[in-house]
Amino acid sequence: MSRVQRLLEELSNAHGPSGSEGPVRSIVMREMAPIADELAPDGMGSLIARLGDKDGSPRVMLTAHMDEVGLMVRYVTPEGFVKFQGLGGMLDQALINQRWVIATRKGPVLGVTGIKTTHVMSMESRNQLFRREQMFIDVGATNKQDAEERLGIQPGDPIAPDSAFTVLNGSKLYVGKAWDDRAGVGVMIEVMRSLRERPAQGTVYAAATVQEEVGLRGAHTSTFMVQPDIGINLESGVAGDYPGTNMDEAQEKLGQGPGLFLHDSSMLPNLRLRDFIMDTAKEIGIPVQFNVLSGYGQDGSEMQKSSGGIPVINLTVPTRYLHSHYSLMHRDDFDRAVTLTAEVVRRMDGDMVARLKRFD
Ligand code: CO
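Residues numbered from 1 in each chain as written. Predicted model: local features only at pLDDT ≥ 70, side-chain atom pairs only at ≥ 80, totals over all residues. Heavy atoms only, no water.

> I tried to follow the coordination of the cobalt ion on my own but got confused; where do I start?
For a metal bound by four donors in tetrahedral geometry, the ideal donor-metal-donor angle is 109.5 degrees, whereas six donors in octahedral geometry ideally sit at 90 or 180 degrees. Only H65 (NE2), D180 (OD), E235 (OE) and E235 (OE) from the protein coordinate the cobalt ion, and they sit 1.8 to 2.6 Å from it. Coordination at the cobalt ion is irregular, judged from the four donor atoms that bind it and the angles of 52 to 139° they form at the metal. Motif for the cobalt ion, donor spacing along one chain: H-x114-D-x54-E. Placement of the pair is H65 in strand β3 (residues 59–65) and E235 in strand β13 (residues 230–236), with a sequence separation of 170 residues. Both residues of the pair, H65 and E235, count as buried. (Donors = N, O, S within 2.8 Å, 3.2 Å for Na, K, Ca; no water. Tetrahedral: all angles 85-135°; square planar, octahedral: opposite > 155°, others 65-115°. Helix = DSSP H or I, 4+ residues; strand = E, 2+ residues; numbered from the N terminus. Buried < 20%, exposed > 50% of the residue type's maximum accessible area, 1.4 Å probe, protein only.)

> Can you help me understand the environment of G297 in this one?
Note that G297 resides in the loop between β15 (289–292) and α8 (300–304). On the accessibility criterion, G297 (29% relative accessible area) is partly exposed. Separated by 30 residues in the primary sequence, G297 and M267 have C-alpha atoms spaced 7.5 Å apart. Leaving out residues up to four positions away in the same chain, G297 has contacts with E212, L216, D264, S265 and S266. (Contact = heavy atoms within 4.5 Å.)

> How should I be thinking about the packing of helix α1 (residues 3–13) against helix α5 (residues 179–197) in this particular structure?
Helix-helix packing is described using two parameters, namely the angle between the two axes and the distance between the axes. Taken N-terminus to C-terminus, the directions of α1 and α5 make an angle of 140°; their axes are 9 Å apart at the nearest point. Taken together, α1 and α5 sit at an angle that is classed as oblique. Where α1 crosses over α5, the handedness of that crossing is right-handed. Contact residues: α1 offers R3, V4, L7, L8, L11 and S12, while α5 offers W179, R182, V185, G186, I189, E190 and R193. The class makeup of the residues in the contact of α1 with α5 is seven nonpolar, two polar and four charged. (Axes fitted to C-alpha atoms, helices over the stretch in contact; angles between N-to-C directions. Parallel < 35°, antiparallel > 145°, perpendicular 65-115°, else oblique. Left-handed = near helix turned anticlockwise from the far one by under 90°. Nonpolar A, V, L, I, M, F, W, Y, C, P; charged D, E, K, R; others polar.)

> Whenever I open this one, α5 confuses me. Can you help?
Note that an α-helix has 3.6 residues per turn; residues three or four places apart therefore point the same way. The terminal C-alpha atoms of α5, which comprises 19 residues, lie 26 Å apart, in line with the 27 Å expected from a rise of 1.5 Å per residue. With 15 of 19 residues buried, α5 lies mostly within the body of the structure. (Expected span 1.5 Å × (residues − 1).)

> Teacher, can you tell me more about helix α2 (residues 22–32) here?
Those residues of α2 that fall on the buried side of the exposure criterion are V24, I27, V28, E31 and M32. Within α2, the buried residues cover an arc of 120° as seen down the axis, which keeps them to one side. Residues of α2 that are buried make contact with α1, β1 (38–41), β2 (47–51), α5 and β12 (203–209). (Arc of directions from axis to C-beta.)

> Hey, could you run me through the packing of aromatic side chains in this one?
The relative placement of two aromatic rings is captured by the distance of their centres and the angle of their planes. By the definition in use, this model includes five aromatic pairs. Between F81 and F136, the aromatic rings sit 5.2 Å apart at their centres with planes inclined by 65°, giving edge-to-face as the arrangement. Here F81 is found in the loop between β4 (70–76) and β5 (82–87), whereas its partner F136 is found in the loop between α3 (123–126) and β8 (137–138), with 55 residues between them in sequence. The exposure class of F81 is partly exposed, given its relative accessible area of 29%. For the pair F165 and Y174, a centre-to-centre distance of 5.1 Å together with 70° between the ring planes defines the contact as edge-to-face. Taking the relative accessible area as the measure of exposure, Y174 reaches 3% and is therefore buried. Within the aromatic cluster, the residues linked to one another by ring pairs are F165, Y174 and W179. (Phe/Tyr/Trp six-rings, centres within 6.5 Å; stacked < 30°, edge-to-face > 60°.)

> When you look at the packing of helix α7 (residues 271–284) against helix α9 (residues 331–347) in this model, what are you seeing that I'm missing?
Axis separation between α7 and α9 bottoms out at 10 Å; the angle between their running directions is 115°. As α7 packs across α9, the resulting crossing turns out to be right-handed. Contacts from F276, I277, T280, A281, E283 and I284 of α7 reach α9 at T339, L340, E343, V344 and R347. Residue composition of the contact of α7 with α9, grouped by class: six nonpolar, two polar and three charged.

> Honestly, the domain arrangement of the protein in this entry has me stumped. Any pointers?
Often the size quoted for an interface is simply the accessible area lost on bringing the parts together. Domain boundaries assigned for the protein yield domain 1 (3–68 + 177–357) and domain 2 (70–161). Computed from C-alpha coordinates alone, the two centres of domain 1 and domain 2 are separated by 32 Å. If you look at the interface, domain 1 gives 13 residues, while domain 2 gives 14 residues. For the pairing of domain 1 and domain 2, the buried interface totals around 1000 Å² over both sides, and the portion due to carbon and sulfur atoms is 64%. Among the residues of domain 1 in contact with domain 2, P17, H323 and H325 are the three that bury the most area, contributing 48% of the side total. Counting across the interface, domain 1 meets domain 2 through zero salt bridges. Here domain 1 is connected to domain 2 by two residue pairs in polar contact (both at pLDDT 80 or more). Counted by class, the side of domain 1 that touches domain 2 contains three nonpolar, seven polar and three charged residues. (Domains from an automatic or database assignment. Buried area = accessible area lost by both parts, 1.4 Å probe. Salt bridge = Lys/Arg side-chain N within 4 Å of Asp/Glu carboxyl O. Polar contact = N/O pair within 3.5 Å; in protein donor to acceptor, adjacent residues only side chain to side chain.)

> Where do I start with the sheet that holds β12 in this structure?
Two strands in a sheet stick together by hydrogen bonds in their backbones, pointing the same way (parallel) or opposite ways (antiparallel). With mixed pairing, eight strands are arranged side by side in an open sheet as β1-β2-β12-β3-β13-β16-β14-β15. Each having just a single partner strand, β1 and β15 make up the two edges of the open sheet. Neighbour to neighbour, the strand axes of the sheet diverge by 25° on average, direction disregarded. As paired elements, β1 and β2 share four bridges and run antiparallel to each other. Note on β2: the bridge partner recorded for P41 is L47. Its contacts with the sheet place helix α6 (residues 217–226) against β2, β3 and β12, and it is angled at close to 160° to β12. (Pairing = 2+ DSSP bridges.)

Dropping the structure here:
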């Protein structure tokens, strides 16, 4: 198994719902330590790596969020079942009959979301959607005291989806949870590794951010710390290449190269930056896809609104079935996203930043 595949497996399997990104942060810290010239968390827990001179120019910022969608303990019922609050947007249907891990002060606790069996369900309720308010996590506790004292479960404890990374049937497709945005975190680590070998002209900051899924909160504070001249957000894209989706919803396809977002509900990118990336991609022979989404939000919008406004774009690894226990990405898209991003950052100089920011 390749080093990169092992890293992606580790990133996908790591539990890190919004606000509890610790296990992911440890991986990023371990990987970035030998690469970065400086590595430090901000006051919310985002991890910022710097490569190159502190006073170098331009200041290029990469972001990728460490957190994933998940749940959080609301309270434990007298019978010992865990009721929860959602962290980020998962469909209610995606929560049913899954494995979860609650991170307690006594360590990880495995739980499952069960619902009533069909044997006792009325015909009417069989055809109804189950709402999250009706759901609970079964941790095998005998009562509330057992859950709290023996297992250490407390209100506020994070609950992460639990599913193991797999290569899908000898294909180049990787199945795993949390490709949103561990795919981006992986790209960011590998881009920094590449820039360590062949440096950029200015200074590069890579921020592994927290709490993206609950409102781009970590990107806000880490961008304030960096004060970038230009930004590239690295994300999981949205593929529209499976039954039930269409081109009007999402245009990315797995295996056809990294994506560039031209519209989402949080940001319009700098179009000259789009052109610069497309020109670079063409020169080095990497296919690129566009995506125009109606919804979605991403960390790039926080960079864009910083420092009086800066050129930013969102570059993606196309992904199927986001915000669930099983999402899919294509290894070639990942590798090409790394190569392209590294090359774009390497070519970025002060003149280019000035050109991107000229409004005439
Ligand atoms: Co994301």
